[in-house]
Amino acid sequence: MANASAIINDDMTLEEKLSAIDAAMAAAQATADDNAQSSGGAAAPIDPQDFLMCEGCQ
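This write-up is about the structure you can find in this document. (Residues numbered from 1 in each chain as written. Predicted model: local features only at pLDDT ≥ 70, side-chain atom pairs only at ≥ 80, totals over all residues. Heavy atoms only, no water.)

**Details of the overall build of the protein chain**
Counting its secondary structure elements, the protein chain contains two helices and zero strands. Taken over 58 residues, the protein chain has a buried fraction of 5%. (Helix = DSSP H or I, 4+ residues; strand = E, 2+ residues; numbered from the N terminus. Buried < 20%, exposed > 50% of the residue type's maximum accessible area, 1.4 Å probe, protein only.)

**Remarks on helix 2 (residues 14-38)**
Here helix 2 contains 25 residues, and its C-alpha end-to-end distance of 36 Å stays within 8% of the 36 Å for a straight helix at 1.5 Å per residue. What helix 2 keeps buried is the set Ala20, Gln29 and Ala36. Where helix 2 is buried, its residues meet helix 1 (4-7). (Expected span 1.5 Å × (residues − 1). Contact = heavy atoms within 4.5 Å.)

**With respect to the environment of Pro48**
Inspection of the secondary structure assignment puts Pro48 in the segment after helix 2. The exposure class of Pro48 is partly exposed, given its relative accessible area of 47%.

The structure is reproduced here in structure tokens:
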């Protein structure tokens, strides 16, 4: 899981933050898709709700 401070900072506007988060999620999904295709499987889509829960609650 990515560290939020590596993606966004306090100097960014809300739109810049949302765009940065969207780009990070798309990159993570692309990586998962590439890894799944190379192993012959299918990657499950990333559920944004997972980022709002601690690992114990998932």
